[in-house]
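# Topology and contacts: notes
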Amino acid sequence: MRRRLDGVVAVAGLLALGLPATASAAPPAQGQCATPLGTYTGAVPWGQRLIDPARIWPLTRGEKQVVAVVGTGVDGQNPQLHGQLTGGGDAASDCDGRGTVAAGIVAAQPDPSTTFAGIAPAARILPIRYTNGGGSTEGGDPKALASAIDQAAQKGAGVILVAVPSTSDSLELASAVDRARGKGAVVVSPAAATQQGGRTYPTATPGALAVGSVNVAGEPVQTEAGDYLGIAAPGADLVSTSAGAGGGHRWGITNPGLAAAYVAGVAALVRAYQPGLTGDQVVTRLLLTAHRPSSGGRDPRRGWGVVDAYAAVSSALPADVMGPGVPGKPASLPAVVPAAADARPRADRVAGVLALAGVGAAVTAGFAVAAFRRGRRRSWRPSRFPPSREISS
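### Considerations on the environment of Ala-210
- Position of Ala-210 relative to the elements: it lies in strand β5 (residues 209-214).
- Here Ala-210 falls in the buried class, since its relative accessible area comes to 0%.
- When the C-alpha atoms of Ala-210 and Ala-260 are compared, they prove to be 7.9 Å apart, with 50 residues separating the residues in sequence.
- In this structure, Ala-210 is in contact with Ser-189, Thr-203, Tyr-228, Leu-229, Gly-230 and Ile-231, ignoring residues within four places of it in sequence.

In C-alpha cells:
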C-alpha cells in the first residue's frame, strides 16, 4: 500500500498545479444552493487514480446495477449524470449538493471535456431524498432515513449508499438495515461524525458496511472511530459532479462522507462481475482484498484498510470464504489475505511460462538419465524380477 500511495502522492502534486480553486466540504449556507466551480480540466483526480476504474472497465462497468443514493437528492441535469437516474421523481434535484457529488463518484459518465469519471459508469442511480440538508452537516431524522432505506430496497437497489448518515440511532433504522440485507442489498455508510467520540448511523449499525476516509498520504481524515469500521477510501481533495445550473464540477472537496461513494461504486462493479454473490459475500470480498493497515489488523479509523477495486472484482475467492464484518462471521481476517496481483505485461507472463517449461524439461531429462543408468546396471531386466543366477548341475 505504501508504494501505491507514494505514486498517488506524486499524482496529487501534479493535480495541485492545475487546481484553480477549492470547494468547501460543508453544504451551502441555508437559503443557498450548490453551484459548480466550472469544468474540471486538471490531472486525473488522485482518488480516481487510486481506485483506477479504467483498469476494471474491460471486465465490467457496473452493468445492470442500481445504486441508491440516499441523502439530499441528485441533480440529474448535470451532463455526466444525464440519463443515469432511474425512478428519481422529485428527488432528481439537489439544492444541498452532497447527493450529486456522491452520485458522480459512483457513476458519472466519462466525458472528453474532463478527466473526471465515475467508478461504475454503467450503473444506474436511484436518488432518494430523506433530508434537504439546509446548510447543516448533521444528518436527518433516523426514522426518515429508515424509510428511505426501505424504499431503496423495495425498488431493487443492489447497493444502498447512505450519502448523508444520521447522528442519531433508532430501532427503525436498525430494522431497515436488516431488511435491506435480507433482500440482498449492500448498505454502505460513511463515518462522518464531526465531533470527537461521535457516531453516525447506520454506519455504527450492525449489518452496514462502515467506511472510513483517508487523504492522499493514506492518513485518516475523519474523527469518528470504532471497531465497527470495515474499510476506507478517499475522503479529501476530491473532484466530482456538482449540482446547480449548467452542471460542471466541484474540486478540492474534503468530506469524509464521500469515501462511502467510492466503496459503493466498487461494490457495484463486484456485483456486476460476480452476479451470483450475495450482499454479504460482496462485503466479505471488499474486506478481504483491502490494502491492510501497517499493523496488519483492524484500524479504528481505517477498518481493514483502503479499498482495492481490482482485487475485489477479480480475485478468485471461494464463495463461502469467511471474513469479518458480517453477522455470523469471525471478527478477524485470515493471516494471508487473498488479493489479485497487479497485471503484468504479456511478455513477462510468457517469459515466466517458458522458464517453468525449461525447469520441467530439465527435471524430465534428469529422470531419463537416471532410468537409463539403472537399466544398464540390471542388463535391461524389469526391476520387479531379481537378477538371474546360473545353477550348476
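Read on, since the account is not over.
### With respect to the sheet that holds β5
- Pairing within the open sheet is parallel, and its 6 strands lie in the order β2-β1-β3-β4-β5-β6. Every interior strand has two partners, whereas the edge strands, β2 (124-129) and β6 (229-234), have only one. Neighbour to neighbour, the strand axes of the sheet diverge by 30 degrees on average, direction disregarded.
- Packing against the sheet, helix α3 (residues 98-107) makes contact with β1 (66-71), β2 and β3 (159-162), and its axis sits at approximately 160 degrees to β1.
- Relative to β3, helix α6 (residues 259-273) is tilted by about 175 degrees, and along the sheet it contacts β1, β3, β4 (186-190), β5 and β6.

### Description of the pairing of β5
- With respect to burial, β5 is a largely interior element, 6 of its 6 residues being buried.
- On β5, burial covers both faces: Leu-209, Val-211 and Ser-213 on one face and Ala-210, Gly-212 and Val-214 on the other are all buried.
- Two strands pair when backbone bridges link them, and β4 and β5 are joined in this way by 3 bridges, in the parallel orientation. Note on β5: the bridge partner recorded for Pro-190 is Val-211.

### So, the packing of aromatic side chains
- Summed over all chains, the structure comprises 1 aromatic pair.
- Ring centres of Tyr-40 and Trp-251 lie 5.6 Å apart, and the angle between their planes is 55 degrees; this geometry places the pair in the tilted category. Remark: Trp-251 occurs in strand β8 (residues 249-253) and Tyr-40 occurs in the loop between α1 (2-17) and α2 (46-51); sequence separation between them is 211 residues.
- The exposure class assigned to Tyr-40 is buried, which follows from its relative accessible area of 1%.
- Exposure remark for Trp-251: the relative accessible area of 4% places this residue in the buried category.
- Above the face of the Tyr-310 ring, Arg-55 is positioned so that its terminal group lies 3.6 Å from the ring centre.
- Residue placement shows Arg-61 over the ring face of Trp-57; its charged tip is 4.9 Å from the ring centre.

### Quick notes on the state of the cysteines
- Counted under the stated rule, the structure contains 1 disulfide.
- For Cys-33, the disulfide goes to Cys-95, at an S-S distance of 2.1 Å. What sets the handedness of the Cys-33 and Cys-95 disulfide is the S-S torsion sign, and at about -100 degrees it is left-handed. One end of the pair, Cys-33, is in the loop between α1 and α2; the other, Cys-95, is in the loop between β1 and α3, with 62 residues separating them in the sequence.
- According to the relative accessible area criterion, Cys-33 is partly exposed, its value standing at 46%.

### Some thoughts on α6
- The end-to-end C-alpha separation of α6 is 22 Å, in line with the 21 Å expected for 15 residues at 1.5 Å each.
- Counted residue by residue, α6 has 13 buried out of 15 residues, so it is predominantly covered.

### Re the pattern of salt bridges
- What the rule picks out here adds up to 4 salt bridges.
- The salt bridge partner of Asp-96 is Arg-98, with a shortest N-O separation of 2.8 Å. In this structure, Asp-96 and Arg-98 share a single accessibility class: buried.
- The partner of Arg-181 in a salt bridge is Asp-280, with the nearest N and O atoms 2.8 Å apart. Of this pair, Arg-181 sits in helix α5 (residues 171-182) while Asp-280 sits in helix α7 (residues 279-288); the two residues are 99 residues apart in sequence, bridging distant segments of the chain.

### Let's talk about the side chain of Asp-308
- Structurally, the position occupied by Asp-308 is in the loop between α7 and α8 (309-314).
- For Asp-308, a relative accessible area of 8% translates into the label buried.

### Focus on the packing of α3 against α6
- Relative to each other, α3 and α6 sit at 35 degrees, their axes nearing to 8 Å. Note on packing geometry: the crossing formed by α3 with α6 is right-handed. Residues Ala-102, Ile-105 and Val-106 of α3 form the contact with α6, whose own contacting residues are Ala-261, Tyr-262, Ala-264 and Gly-265.
- Here the contact of α3 with α6 is built from residues that sort into 6 nonpolar, 1 polar and no charged.

### Comments concerning unusual backbone geometry
- Following Tyr-201, the chain continues to Pro-202 via a peptide bond in cis, the omega torsion being 10 degrees.
- Locating Pro-202 in the fold gives a position in the loop between β4 and β5.
- Of note, Asp-52 is a non-glycine position whose phi angle comes to about 55 degrees, a positive value.
- A relative accessible area of 31% places Asp-52 in the partly exposed class.
- Backbone geometry places Lys-64, a non-glycine residue, at a positive phi of 65 degrees.
- Owing to a relative accessible area of 84%, Lys-64 belongs among the exposed residues under this scheme.

Cut-offs used in this document
Residues numbered from 1 in each chain as written. Predicted model: local features only at pLDDT ≥ 70, side-chain atom pairs only at ≥ 80, totals over all residues. Heavy atoms only, no water. Helix = DSSP H or I, 4+ residues; strand = E, 2+ residues; numbered from the N terminus. Buried < 20%, exposed > 50% of the residue type's maximum accessible area, 1.4 Å probe, protein only. Contact = heavy atoms within 4.5 Å. Pairing = 2+ DSSP bridges. Axes fitted to C-alpha atoms, helices over the stretch in contact; angles between N-to-C directions. Phe/Tyr/Trp six-rings, centres within 6.5 Å; stacked < 30°, edge-to-face > 60°. Lys NZ or Arg CZ within 6 Å of the ring centre and 35° of its normal. Disulfide = S-S within 2.5 Å. Expected span 1.5 Å × (residues − 1). Salt bridge = Lys/Arg side-chain N within 4 Å of Asp/Glu carboxyl O. Left-handed = near helix turned anticlockwise from the far one by under 90°. Nonpolar A, V, L, I, M, F, W, Y, C, P; charged D, E, K, R; others polar.

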